[in-house]
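# Close look at the chain arrangement
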Amino acid sequence: MARPLLWLALLCASLTFTATCAGIRLELIHVDARANRTVAERMRRATERTHRRLASMGEVTAPVRWVETQYIAEYLIGDPPQRAEAIIDTGSNLIWTQCAGCRPGCFSQNLSFYDPSRSRTVQPVACNATACALGSETLCSRNRSACDVLTGYGAGAIAGVLGTEVFTFGSQNASLAFGCVTASRLTKGSLDGASGIIGLGRGALSLVSQLGDTKFSYCLTPYFSDAVNASRLFVGASAGLSGNTPAASVPFVKNPSDDLFGTFYFLPLAGITVGKAKLDVPAAAFDLRQVAPGQWAGTLIDSGSPFTSLVDVAYQALKAELVRQLGASLVPPPARSGLDLCVAQGDAGKLVPPLVLHFGSGGGGASSDVVVPAENYWAPVDDTTACMVVFNSAGPNATLPINETTIIGNYMQQNMHLLYDLGNGVLSFQPADCSAM
């Protein structure tokens, strides 16, 4: 992971900033939790997000800067502080918020636009400043008077200027480089009323890199829980596994050198077992590999994808094995749902077998298995039916590299405490009751 330069680093010995010693702890609110939506409505919205996300990947040159995630964090920006909300996304780097003066076409948000003219602590970043060369998201303006930000997502693009500002997360403060966005063209509703994005990717402009931290963790509460409980994100000293529950540790795969693919968290998935039957899928189908000049496919974990998608050979094998095991218990999917396999809702917990994700050692150490319970890959779609919510990466309109990529989405991560230990290059999965954290 690229290391931030000294002027961006926040050290525990600093007299100015207080974020790194205690670490950052944020509550994450699911976008559907505020609207009192039914289970069927939540399921429909998450499915639509997944299809739009996969379809839009074919419109860009690489699966980068993904949007349409579902967990929002509240924070304060500036002095005096102004309220803001951000999508939390492990698939991108830039921290940004829409700013006052955003030209027509900027998306609507729940809170007022951040107004830099009201803050005593905002500072512009010059074109020749080192921060302007930290990632592909930044570039010098045409007249070289400022550092611009310009980045594309599956749902559109944003543009503005790079600055530094004081961010307040709970009781912790940090001075961060961020994009003050003055123009955006994003699909309507793609940010669900949030003000912008906080990137947790592997690039130098991400929150983790700027703080100089080497670990973060999160625990996502279930989508369809009757209780509306916040999920949790921990960065720095506050990030760590809890209790005595065993955790599976998986090494990250070394990222390709191509800048656009250096953001993601690739994993060495080697196989999948359904109940007691291991799928006949070659491990090479999940490997990180170059599929076209400058384009890479593999297996990655993403907080911004609602549901998991598998490469075609793995999806077809999973579907066939579940048909074999569930047999006459299968029922027709609801009309126009886009789903393949369903059972009566009361049968899902009793009949659907767990998945086991088998991860390789990444070139050293022991392999690891992560057990995925039925409720993390099947979901209620209406009052009577539950269906499998794993999708085929090679769906309609999918092109390289997304049609050759396996994505472990956030629904499969619910009630798992995930620790990203970047210093040691390891991701840990620990089963947890996330609502109790």
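Please read all numbers here as calculations on a predicted model, not as lab measurements.

## Observations regarding the state of the cysteines
Per the stated rule, a full pass over the model turns up 6 disulfides. Between Cys 99 and Cys 180 runs a disulfide, and the two sulfur atoms are separated by 2.0 Å. Pair noted here: Cys 99 is in the loop between strand S4 (95-98) and strand S5 (123-124) and Cys 180 is in strand S9 (residues 172-186), with a separation of 81 residues, a long-range link. The same class applies to Cys 99 and to Cys 180, which are both buried. Residue pairing for Cys 219: its cysteine sulfur links by disulfide to Cys 434, the two sulfurs lying 2.0 Å apart. The chirality of the disulfide connecting Cys 219 with Cys 434 is left-handed, given an S-S dihedral of about -70°. One end of the pair, Cys 219, is in strand S11 (residues 215-219); the other, Cys 434, is in the segment after strand S30 (426-431), and 215 residues separate them in sequence. There is no split in this pair, since Cys 219 and Cys 434 are both buried.

## Comments concerning the sheet that holds strand S21 (residues 330-331)
Taken together, the 4 strands give an open sheet; going across it, the order is S21-S22-S26-S25, and neighbouring strands pair in antiparallel fashion. Two strands lie at the open edges of the sheet, namely S21 and strand S25 (378-380), each paired on one side alone. Sheet analysis places S21 next to strand S22 (residues 342-344), joined by 2 bridges and oriented antiparallel. Paired with Val 331 across the strands is Cys 342, a residue of S22. The strands touched by helix H4 (residues 312-326) are S21, S22, S25 and strand S26 (385-388); relative to S26, the strand with the most contacts, the crossing angle is about 140°.

## Examining the UniProt feature "active site" (unreviewed entry) in the chain
In the numbering adopted here, UniProt assigns the feature "active site" (unreviewed entry) to Asp 89 and Asp 302. The greatest C-alpha distance among the residues just named is 7.5 Å, despite their covering 214 residues of sequence, which places them together in space. With respect to the secondary-structure elements, Asp 89 resides in strand S3 (residues 82-89). A relative accessible area of 1% places Asp 89 in the buried class. The residue Asp 302 is located in the loop between strand S19 (299-301) and strand S20 (308-310) in this model. Relative accessible area serves as the criterion here: at 1%, Asp 302 is assigned to the buried category.

## Here's the deal with the environment of Ala 126
By the secondary structure assignment, Ala 126 is in the loop between S5 and strand S6 (138-140). On a C-alpha basis, the gap between Ala 126 and Ser 141 in space is 9.6 Å, while along the polypeptide they are 15 residues apart. In this view, Ala 126 contacts Cys 132 and Cys 147; residues no more than four positions away in its chain are not counted.

## Description of the packing of aromatic side chains
Both the distance between ring centres and the angle between the ring planes are used here to describe each pair of aromatic rings. Enumeration according to the criterion identifies 21 aromatic pairs in this entry. Look at Tyr 114 and Phe 178: their rings are 5.8 Å apart centre to centre, the planes differ by 75°, and that puts the pair in the edge-to-face class. Residue Tyr 114 is found in the loop between S4 and S5, and its partner Phe 178 is found in strand S9; the two are separated by 64 residues along the sequence. Take Tyr 114 and Phe 178: they sit in the same class, and that class is buried.

## Some thoughts on the side chain of Ser 141
Its location among the elements puts Ser 141 in the loop between S6 and strand S7 (147-153). Relative accessible area serves as the criterion here: at 10%, Ser 141 is assigned to the buried category. Within the structure, Ser 141 has its side chain in polar contact with the backbone nitrogen of Ser 145 (distance 3.1 Å). Setting aside its immediate chain neighbours within four residues, Ser 141 contacts Ala 146 and Asp 148.

## Overview of the pattern of salt bridges
Per the stated rule, a full pass over the model turns up 6 salt bridges. Here Lys 319 and Asp 340 are joined by a salt bridge, their closest N and O atoms 3.8 Å apart. In this pair, Lys 319 sits in helix H4 while Asp 340 sits in the loop between S21 and S22, placing the two residues 21 residues apart along the sequence. For Lys 319, a relative accessible area of 27% translates into the label partly exposed.

## Notes on the sheet that holds strand S15 (residues 269-274)
Across the sheet, 4 strands lie side by side as S16-S15-S23-S24; this open sheet has antiparallel pairing. Among the strands making up the open sheet, the edge pair consists of strand S16 (277-278) and strand S24 (368-372). Note that S15 and S16 share 2 bridges and pair antiparallel. For Thr 273, the partnering residue across the bridge sits in S16 and is Lys 278.

## Side note on the nonpolar core
Note that soluble globular proteins tend to have their nonpolar side chains buried in a common cluster. Phe 216, Tyr 377 and Tyr 420 are the most contacted members of the largest nonpolar core, which totals 84 residues. Of the residues forming this core, the biggest block, 6 residues, is contributed by H4. Core analysis: the next-biggest nonpolar cluster, separate from the first, contains 22 residues, Trp 96, Val 125, Leu 134 and Val 149 among them.

The rules behind the values
- Residues numbered from 1 in each chain as written.
- Predicted model: local features only at pLDDT ≥ 70, side-chain atom pairs only at ≥ 80, totals over all residues.
- Heavy atoms only, no water.
- Disulfide = S-S within 2.5 Å.
- Helix = DSSP H or I, 4+ residues; strand = E, 2+ residues; numbered from the N terminus.
- Buried < 20%, exposed > 50% of the residue type's maximum accessible area, 1.4 Å probe, protein only.
- Pairing = 2+ DSSP bridges.
- Contact = heavy atoms within 4.5 Å.
- Axes fitted to C-alpha atoms, helices over the stretch in contact; angles between N-to-C directions.
- UniProt positions renumbered as here; feature names shortened; annotations may be inferred.
- Phe/Tyr/Trp six-rings, centres within 6.5 Å; stacked < 30°, edge-to-face > 60°.
- Polar contact = N/O pair within 3.5 Å; in protein donor to acceptor, adjacent residues only side chain to side chain.
- Salt bridge = Lys/Arg side-chain N within 4 Å of Asp/Glu carboxyl O.
- Core = buried A, V, L, I, M, F, W, Y, C linked by side-chain atoms within 4.5 Å.

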